[in-house]
Structures are given as structure tokens and as C-alpha cells.
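Coordinates in review
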Amino acid sequence: MAAFSKKNKNDNNYTILPKHLGIIMDGNGRWAKKRALPRSAGHKAGANVFRTISKECERLGIEYVTFYAFSTENWKRPKEEVDALMNLFMDYLLEAKSDMTKAGNSRIIFIGEREGISQELLDLMDEAEEETKSHTGTTVYLAINYGGRQEIVSAVNKLIKSGKTQISEDDISNSLYTVPDCDLIIRPSGEERLSNFLLWQAAYSEFWYSNVLWPDFKVDDLHSALREFEKRNRRFGG
């Protein structure tokens, strides 16, 4: 079953919540430009929103949430912006270490290719995964240096290396970075495309778009998306 029933004890009651939620964190650069700020300021504001929304997902009891933070294509951006993003990831992991390991019960898993990422950042990512691996709350997948096509190629190569000569859909599904398939994908900022995000897992995803730029995305926006998801009639091709 792709989604599950959930009764929230607080202000928002849901009969159905997505089991796996995907969020494309889009609009940081435009948010900064509107305020005549450097793009790095937008990314920093967006990181604060990530922290807030991931905590709300845990509070609601959503089992899996994947945040699209940095794509394989983002390396094409100006070096100053890429460097600022990598420094931001470092700062986030350093600042949020106690938050992830003590205050919350979320488990964090980084998905994507490790090539191109500094060893210092990789070490922090490994530490965060190790320190939260026993947590039983929401599994937070943070996609850094990630691309949906690259993920599928990686899964197939892994299967070939294991000796597989015939590959089934289940084989690929079980070899991807994230499980299970994605029920709902949220994309703020006014864009309406996947941008190489969870291509395999999104085969039957519902989509929710908003003109709100990611740094302005609020908990209320998350609940608007979840209420809309609850109304959808999901037939999975039937």
C-alpha cells in the first residue's frame, strides 16, 4: 500500500498521508535576487526551511521524505555559488549535529554520487548517518550530487556486477537509493517539472505545485499539499 492512514493529535487531522514524500527545494536564487542579496543568502534561508519542514514531517509521522538539495547538473553553476552551497552543507551538518542526534528521532541518509564532494564533507555526512541510524522516526533522504537517471544507471550496474543477466522491475526498485515509491512530490517556486528527481520512484506520484519560493515555504504550505493529496483518487493505472 503506497500511502497510510494517520490521525494527527494536533491541529491537522488526516485520514491518509503519503508514505514517501518528495520535495524539490526550488527558488532560493530567485528569492535572493528579489531582495538584492547574493544567491548564497537564498540557499541559507532555504536550509532553515528544510530544517523546519523535516521536523514537521517527523511530527506528522511521515515515514520517508526526500529533499532535493543539489543535482548532478548543479555543478554547472558558477563556482562561487557551488562553493557557497558546499560550505552551507558543512555548516548545516556541524550546527544541526546535536539537533539530529538528540532533539529528534529522524534518521538521515544522503543519496547521490560521492565523486566531487570534499572528503571533509563526506566525513560529516557519514557521521550524521552513523549517529542517526538507530532512530525510528522519519527517514530523511537528502539528495546531494543526485540525478534520477544516474540513480537508475547505478542500480543497473550494481545488478550486473552482482551477476544478474536478466533484470526485473523489482530488481531495479530494490537497488535504488530510496524506498518505497514516492506518493507525493511537492515543488514550490512556480516551476512544473521533475528536473531529474526520483524518475523511477515517481512513476505514479501525485504532484503539488506552488508559486511560493522555497525560502518562503511555510508549514501551512506543507499542510495545503497534504490536504490536496488526501483528496486525490489514486488508481495507479487501473
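Criteria and cut-off values
Residues numbered from 1 in each chain as written. Predicted model: local features only at pLDDT ≥ 70, side-chain atom pairs only at ≥ 80, totals over all residues. Heavy atoms only, no water. Salt bridge = Lys/Arg side-chain N within 4 Å of Asp/Glu carboxyl O. Helix = DSSP H or I, 4+ residues; strand = E, 2+ residues; numbered from the N terminus. 1 Å grid on protein atoms, 1.4 Å probe; cavity = no way out; pocket = protein on both sides within 12 Å on 5 of 7 lines; lining within 4 Å. Points joined across faces, edges and corners; volume = space filled by probe spheres on them. Nonpolar A, V, L, I, M, F, W, Y, C, P; charged D, E, K, R; others polar. Pairing = 2+ DSSP bridges. Axes fitted to C-alpha atoms, helices over the stretch in contact; angles between N-to-C directions. Parallel < 35°, antiparallel > 145°, perpendicular 65-115°, else oblique. Left-handed = near helix turned anticlockwise from the far one by under 90°. Contact = heavy atoms within 4.5 Å. Buried < 20%, exposed > 50% of the residue type's maximum accessible area, 1.4 Å probe, protein only. Polar contact = N/O pair within 3.5 Å; in protein donor to acceptor, adjacent residues only side chain to side chain.

Turning to the pattern of salt bridges, a few remarks are in order. Under the defined criterion, the tally for this structure stands at 14 salt bridges. The shortest N-O distance in the salt bridge between Asp26 and Arg30 comes to 3.2 Å. The salt bridge partner of Arg30 is Glu191, with a shortest N-O separation of 3.5 Å. Note that Arg30 is positioned in helix H1 (residues 28-34) and Glu191 in the loop between strand S7 (184-187) and strand S8 (206-209), a separation of 161 residues in sequence. One salt-bridge network, in which partners are shared between bridges, spans Asp26, Arg30, Arg187, Glu191 and Arg193.

Space inside the largest pocket adds up to approximately 580 Å³. What lines the largest pocket is a set of 27 residues, and nearest its centre among them are Met25, Asp26, Ala69, Asn74 and Arg77. Those elements that place two or more of their residues in the lining of the largest pocket are H1, helix H2 (39-60), strand S4 (64-71) and helix H3 (79-95). Its residues assigned to classes, the lining of the largest pocket shows twelve nonpolar, eight polar and seven charged.

Attention shifts here to the sheet that holds S8. Strand order in the open sheet made by the six strands is S5-S6-S4-S3-S7-S8, with parallel pairing throughout. Two strands in the sheet have a free side with no partner beyond their single neighbour: strand S5 (107-111) and S8. The mean angle between the axes of side-by-side strands here comes to 20 degrees, regardless of whether they run parallel or antiparallel. Of the strand pairs in this sheet, S7 and S8 are connected by four bridges, and their pairing is parallel. Looking at the pairing, Leu184 lines up with Glu206 of S8.

This brings us to the packing of H2 against helix H8 (residues 219-231). Their axes nearest at 10 Å, the elements H2 and H8 cross at an angle of 50 degrees. Here H8 runs oblique to H2, going by the angle between their axes. Where H2 crosses over H8, the handedness of that crossing is right-handed. Here Thr52, Ile53, Glu56, Cys57, Arg59 and Leu60 of H2 come into contact with H8, specifically with Val219, Leu222, His223 and Leu226. Within the contact of H2 with H8, the residues separate by chemical class into six nonpolar, two polar and two charged.

Its place among the elements puts His135 in the loop between helix H5 (119-132) and strand S6 (139-146). In this structure His135 comes out as buried when scored by relative accessible area, which is 15%. Looking at His135, its side chain comes within polar contact range of the main-chain oxygen of Ser106, at 2.8 Å.

Here the focus is unusual backbone geometry. Between Val179 and the following residue, Pro180, the backbone shows a cis peptide bond with an omega angle of -10 degrees. Locating Pro180 in the fold gives a position in the loop between helix H7 (169-173) and S7. In this structure, Ser195 is a non-glycine residue whose phi angle is positive, near 55 degrees. Mapped onto the secondary structure, Ser195 falls in the loop between S7 and S8. In this structure, Leu198 is a non-glycine residue whose phi angle is positive, near 45 degrees. Relative to the helices and strands, Leu198 resides in the loop between S7 and S8. You can call Leu198 buried: its relative accessible area is 0%.

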